[in-house]
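Reading the structure
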Amino acid sequence: MKEGIFAGVDVGAGTAKAVILSNDKILAYAVTPTGFDAAAAALRVTRRALRRAGLKLSEVKYAVSTGYGREIVPFSNRTVTEITCHARGASFLFPECRTVIDIGCQDSKAIRLDERGRVMQFVMNDKCAAGTGRFIEVIAHTLRLKIEEIGPVALTSQSPCAISSTCTVFAESEVVSLRGRGRKREDLIAGVLQALAKRVSIQANSVRPAPVVVFTGGVAKNIGMKQALEKELGFKLSLPEEPQVVGALGAALFAQDESRKE
Amino acid sequence: MREFMLLCGMDEAEMRLELPRFNKAFAIAGLNQADIKQAEARLNRYFDVKLMGMRKLIGIWVKEFVDAVLAKQEGKKIIYYSYPPVSGFAASMAIMSPDVYAIAPELLVEIVLGAFFDKMTPVLEEAEKEWLGPGLGHCPLLQARLGGLLKSIFPAPDLVVSMGVSCDQAPETDEIIAALYDAPLAYLDSRSDSQGDNWPLVEKWRIDYLVAEIRDTARMIEKVTGIEFNEDTINYGNKEAGKMREYQMKILALRKKEPQPLSIKDAQVLGELRTTCGLRAVKEGPNACSILLEELERRVAHGEGVLPKDAPRIAIVMPDYGDVAQTEVIENVGLNAILYLTEPTRAETEKAWAYGSVWEQIADLTLTGASRHSSQAYISKFMGLAKEYNVDGVILNSLSKCREYAIYPLKAKEVIERELGIPVIAPEHDPWDNREFTADIFRSRIEPFAEMLRERKKLKS
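Residues numbered from 1 in each chain as written. Chains lettered and ligands numbered in written order. Predicted model: local features only at pLDDT ≥ 70, side-chain atom pairs only at ≥ 80, totals over all residues. Heavy atoms only, no water.

Next up on the list: the overall build of chain B. Each helix and strand in chain B was counted, giving 19 helices and 10 strands. Whereas a compact globule of 461 residues would reach a radius of gyration of roughly 23 Å, chain B reaches 21 Å, a difference of no more than 12%. Reported as C-alpha extents along the three principal axes, the dimensions of chain B are approximately 65 × 55 × 45 Å. Looking at chain B as shown, the accessible area adds up to about 17000 Å², and 51% of this sits on carbon and sulfur atoms. The centroid of the 57 positive side-chain charges in chain B is displaced by 4 Å from the centroid of its 70 negative side-chain charges. (Helix = DSSP H or I, 4+ residues; strand = E, 2+ residues; numbered from the N terminus. Rg over C-alpha atoms; globule rule 2.2 N^0.38 Å. Areas by Shrake-Rupley, 256 points an atom, 1.4 Å probe, with all protein chains shown as cover. Lys, Arg positive; Asp, Glu negative; His and termini not counted. Charge placed at Lys NZ, Arg CZ, Asp CG, Glu CD.)

Okay, structure coming up:
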């Protein structure tokens, strides 16, 4: 049975993501920087994903938006928060998933799910950026590292530095000071990942994580971060093929649900 | 000003009487025409001014503010007590004589300058200039208390009555105020109950200690004002304050009905007015409340409400005071905050008042409050209320700068979730200062919580 084409758009602080879905199958996805104009980014990323699937926006039957910019997506039929969407997306990819740890650009979350992928409990970082992807970005910039280099470089460290995890700005000053004292780049970035992992693991433990634990968000693409987090938590994390689009996938699944209700 | 005074529920005669005082007090407080226009817009936007009872409650707050600003010029002796006060005692100070004016000025900053005028931040910044510096974890409520004086909005006190039962910051700030304005300082303090699990019972020695301090304070009041302050004064104050308390309890009971007849934003205006215990609240509050009660009863009878009937019912601790935009988020995401977890429980209200003297009774009442008892009392109290009213979820705001409200939220969250099986969110929050926590930040936490509660409620039904 052909149900139609469904779009999920996750407009985050750093990147906008779109997933195109039909009959429970991911047809295509795309990721683009959000930039200043979140509405334009949503349109751009959705059109890009649709193009990859050989489709047009007019063919989308129902669209759900999520993320910080969810309210201003011009073609969205409904909004759902990113917590609910991440839970739904992770549960679709890993039916045994009971916990999601998501680290995005602006926030980090730990979510407990029931067996049907519904949110039972969640925690988010509070007002500070220190538990987020932005923390890594700021430090990477200071160390002249590209985002994709962070994980592999960190894995080469023999002696990670102790870095404060309470404030991004203070941590950056700390890194500059340690670099001035001759500490190696790999030890500094490994220390930063360790600090972030400590902070996120406290958050994750507060929802009493149960397996399977799925790691999502842009930061999940960082192999060094995954390893640091696994070490802190004491268990393995499951990684989706494209962890950055799990929220958008959840949104697309909600869009498909709406069609099925009709 | 006329439109503003109408929003304050005043009739023509009262407007004529109060206009010169309003003009004078607003000039002292630095509130100009643009500020008044802004306040009118905010009152219309955020509060249920269709209800005359609400207009009158708003009016009581504004008149209390005007009274406080002009108290010295109007020849009164001024007593500042801490918030939250010993209620019967504070009311007694407030109504003891027309020559005395007593109030907790910090609440006037939060509600009148904050919620109504959106002019609170300059007051907090004033306190930060020399004393309670920014970024040092000082309580914004105390910054409001000190800042209002330093900005010369409120006149210098003749006596400061400081309450430090479970907070060291309040007496320390009051020591600064007393030193700056050369005013005598009375302390009302205690310590947590050594038997944390005996709540709502209070150890006798604590009651005796607080009674001794209240008696000492009464003697200081007599010395400063030259007016007798005895058991009769307290009895009278207690009885008068009780009138508004009775109405408040009836209105809180109506707030448990579905659909919800009164927004939490409006309930805050009422609740804090009663807690603050100023003269206007004691004298004019019962009439305003009786009008509001009738209006709400009509709403309930007609099935009218401010939220859909099936909105998830939540309990909350410390919603916002100074920034009503944050309180609004709760209802905007579809949550029905029916219950403050600081409301008296059945265990408290049914507690036998074994003590013979009114001094002991008000001390016992004060120390029975969970914040003055123990962390275990908080948790027992919250558990009891959440269970009694069968709420769908709980928002336990974690106040990082508050000595009383920073300790227990995570443990309370764990216990409530485990024992009652209902979701609890404990976001870091500051109900007294919107510079660090805005409505948008609050919304990003509360909206997924609301989604989760709706989903669970759907499942249950």
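Right, picking up where we left off after that structure.
Before going further, it helps to examine the side chain of Arg98(A). All names here are of chain A. Inspection of the secondary structure puts Arg98 in the loop between helix H2 (82-93) and strand S6 (99-103). No salt bridge is formed by the buried Arg98; the nearest opposite charge belongs to Glu96, separated by 4.3 Å. Not counting residues within four places of it along the chain, the set of residues in contact with Arg98 comprises Ile111, Arg112, Leu113, Asp114, Glu115, Ala210, Pro211 and Val212. (Buried < 20%, exposed > 50% of the residue type's maximum accessible area, 1.4 Å probe, protein only. Salt bridge = Lys/Arg side-chain N within 4 Å of Asp/Glu carboxyl O. Contact = heavy atoms within 4.5 Å.)

Let's shift gears to the interface of chain B and chain A. Size of an interface, as often reported, equals the accessible area lost when the parts are brought together. Taken together, the contact between chain B and chain A spans 20 residues of the former and 17 residues of the latter. In this assembly, chain B packs against chain A so that about 1600 Å² is buried in total across both faces, 51% of it on carbon and sulfur atoms. Broken down residue by residue, the surface that chain B buries against chain A is led by Arg445(B), Glu451(B) and Met452(B), which jointly contribute 31%. Summed over the shared surface of chain B and chain A, the result is two salt bridges. Notably, a salt bridge pairs Arg70(A) with Glu447(B), separated by 2.4 Å at the nearest N-O pair. On inspection of chain B and its partner chain A, the count reaches four residue pairs in polar contact (both at pLDDT 80 or more). Those elements that place two or more of their residues in the side of chain B that touches chain A are helix H18 (409-420) and helix H19 (439-460) of chain B. With 11 residues, the top contributor of residues to the side of chain B that touches chain A is H19(B). Residue classes in the side of chain B that touches chain A are distributed as eight nonpolar, one polar and 11 charged. (Buried area = accessible area lost by both parts, 1.4 Å probe. Polar contact = N/O pair within 3.5 Å; in protein donor to acceptor, adjacent residues only side chain to side chain. Nonpolar A, V, L, I, M, F, W, Y, C, P; charged D, E, K, R; others polar.)

The strands making up a sheet are joined through hydrogen bonds of the backbone, oriented either antiparallel or parallel. All names here are of chain B. One open sheet holds the four strands; their spatial order is S2-S1-S3-S4, and the pairing between them is parallel. Because the sheet does not close on itself, it has two edges, and the strands there are strand S2 (100-103) and strand S4 (185-188). Each strand axis lies, on average, 15° off the axis of its neighbour in the sheet, ignoring direction. Both strand S1 (residues 77-81) and strand S3 (residues 159-163) contribute to a ladder of three bridges, which runs parallel. Across the sheet, Tyr80 pairs through a bridge with Val160, a residue of S3. (Pairing = 2+ DSSP bridges. Axes fitted to C-alpha atoms, helices over the stretch in contact; angles between N-to-C directions.)

Turning our attention to the sheet that holds strand S5 (residues 78-79) of chain A. Residues and elements named next belong to chain A. Spatial strand order, S3-S2-S1-S4-S5: five strands in an open sheet with mixed pairing. Each of the sheet's edge strands pairs with one partner strand only, and the pair in question is strand S3 (25-33) and S5. Summarising the sheet, strand S2 (residues 15-22) and S3 pair through eight bridges and their orientation is antiparallel. Bridge pairing in S3 places Val19 opposite Tyr29. The strands touched by helix H1 (residues 38-52) are strand S1 (5-11), S2, S3 and strand S4 (60-66); relative to S3, the strand with the most contacts, the crossing angle is about 140°.

What follows deals with helix H10 (residues 204-225) of chain B. All names here are of chain B. When the terminal C-alpha atoms of H10 are compared, their 31 Å separation across 22 residues agrees well with the 32 Å that a helix rising 1.5 Å per residue should span. Here H10 has its buried residues at Arg206, Ile207, Leu210, Val211, Glu213, Ile214, Thr217, Ala218, Ile221 and Thr225. Seen along its axis, H10 keeps its buried residues to an arc of 165°; they face one direction. Among the exposed residues of H10, those oriented more than 90 degrees off its buried face are Arg219 and Lys223. A positive backbone phi angle near 75° is found at Gly226, which sits one or two residues after H10. (Expected span 1.5 Å × (residues − 1). Arc of directions from axis to C-beta.)

So, about the packing of helix H3 (residues 133-142) of chain A against helix H6 (residues 185-205) of chain A. All names here are of chain A. Close contact between H3 and H6 brings their axes to 11 Å; oriented N to C, the two are set at 165°. With respect to H6, the axis of H3 lies roughly antiparallel. Judged by the twist between their axes, the crossing of H3 over H6 is right-handed. Contacts between H3 and H6 pair Phe135, Ile136 and Ile139 from the former with Ile189, Val192, Leu193 and Leu196 from the latter. (Parallel < 35°, antiparallel > 145°, perpendicular 65-115°, else oblique. Left-handed = near helix turned anticlockwise from the far one by under 90°.)

The next thing to look at is the packing of helix H4 (residues 52-70) of chain B against helix H12 (residues 264-276) of chain B. Residue and element names in this part refer to chain B. H12 packs onto H4 with a crossing angle of 45° between their chain directions and a minimal axis gap of 10 Å. With respect to their mutual orientation, H4 and H12 come out oblique. In this structure, H4 crosses over H12, and the sense of that crossing is left-handed. Within the contact between the two elements, H4 uses Met54, Leu57, Ile58, Ile60 and Trp61 and H12 uses Asp266, Val269, Leu270, Glu272, Leu273 and Thr276. Residues belonging to the contact of H4 with H12 are distributed by class as follows: eight nonpolar, one polar and two charged.

As a further point, take the nonpolar core. Ranked by size, the top nonpolar core spans 180 residues in total, and within it Phe4(B), Phe26(B), Leu57(B), Phe65(B) and Phe116(B) carry the most contacts. When residues in this core are grouped by element, the largest group, 11 residues, is from H4(B). For Leu57(B), the residues in contact, after removing those within four places along its chain, are Met244(B), Val269(B), Leu270(B), Leu273(B), Ala288(B), Cys289(B) and Leu292(B). Counting residues in hydrophobic clusters, the runner-up holds 37 residues, among them Ile139(A), Leu145(A), Leu188(A) and Leu237(A). (Core = buried A, V, L, I, M, F, W, Y, C linked by side-chain atoms within 4.5 Å.)

All names here are of chain B. As for its position among the elements, Thr276 is in helix H12. The exposure class of Thr276 is buried, given its relative accessible area of 2%. Not counting residues within four places of it along the chain, the set of residues in contact with Thr276 comprises Trp61, Tyr81, Tyr83, Pro85, Ile103, Ala104 and Leu107.

Moving on, we get to the state of the cysteines. Here the structure, examined in full by the defined rule, presents zero disulfides over all chains. The thiol of Cys8(B) is not disulfide-bonded; the next cysteine sulfur, from Cys289(B), is found 16 Å away. (Disulfide = S-S within 2.5 Å.)

Glancing now at the environment of Ala170(B). Residue and element names in this part refer to chain B. With respect to the element layout, Ala170 can be found in helix H9 (residues 169-181). When the C-alpha atoms of Ala170 and Leu142 are compared, they prove to be 6.6 Å apart, with 28 residues separating the residues in sequence. Excluding its chain neighbours within four sequence positions, the residues that come into contact with Ala170 are Leu142, Ser162 and Met163.

Let us now look at unusual backbone geometry. If a residue is not glycine, its phi is most likely negative; likewise, a peptide bond is most likely trans. That bond from Pro211(A) to Val212(A) is cis: its omega, 0°, falls within 30 degrees of zero. Along the chain, Val212(A) falls in the loop between H6 and strand S9 (213-216). Residue Pro200(B) is reached from Trp199(B) by a cis peptide bond, and omega for that bond is 15°. Note that Pro200(B) resides in the loop between S4 and H10. Positive phi outside glycine occurs at Ser152(B), with the angle close to 60°.

Let us look at the pattern of salt bridges. Once the charged atoms of two side chains with opposite charge are near each other, the side chains can pair. Within this structure, the stated rule accounts for 56 salt bridges over all chains. The partner of Arg88(A) in a salt bridge is Asp257(A), and the shortest N-O contact between them spans 2.5 Å. Of this pair, Arg88(A) sits in helix H2 while Asp257(A) sits in helix H8 (residues 246-261); the two residues are 169 residues apart in sequence, bridging distant segments of the chain. Between Glu230(A) and Lys226(A) there is a salt bridge; the shortest N-O distance is 2.8 Å. Taken together, the residues span about one helical turn, with Glu230(A) and Lys226(A) both in helix H7 (residues 223-233) at a distance of four residues. A single burial state applies to Glu230(A) and to Lys226(A), both of which are buried. Beyond isolated ion pairs, a larger network of salt bridges with shared partners links Glu14(B), Glu18(B), Arg21(B), Lys63(B), Asp67(B), Glu74(B), Arg280(B) and Glu284(B).

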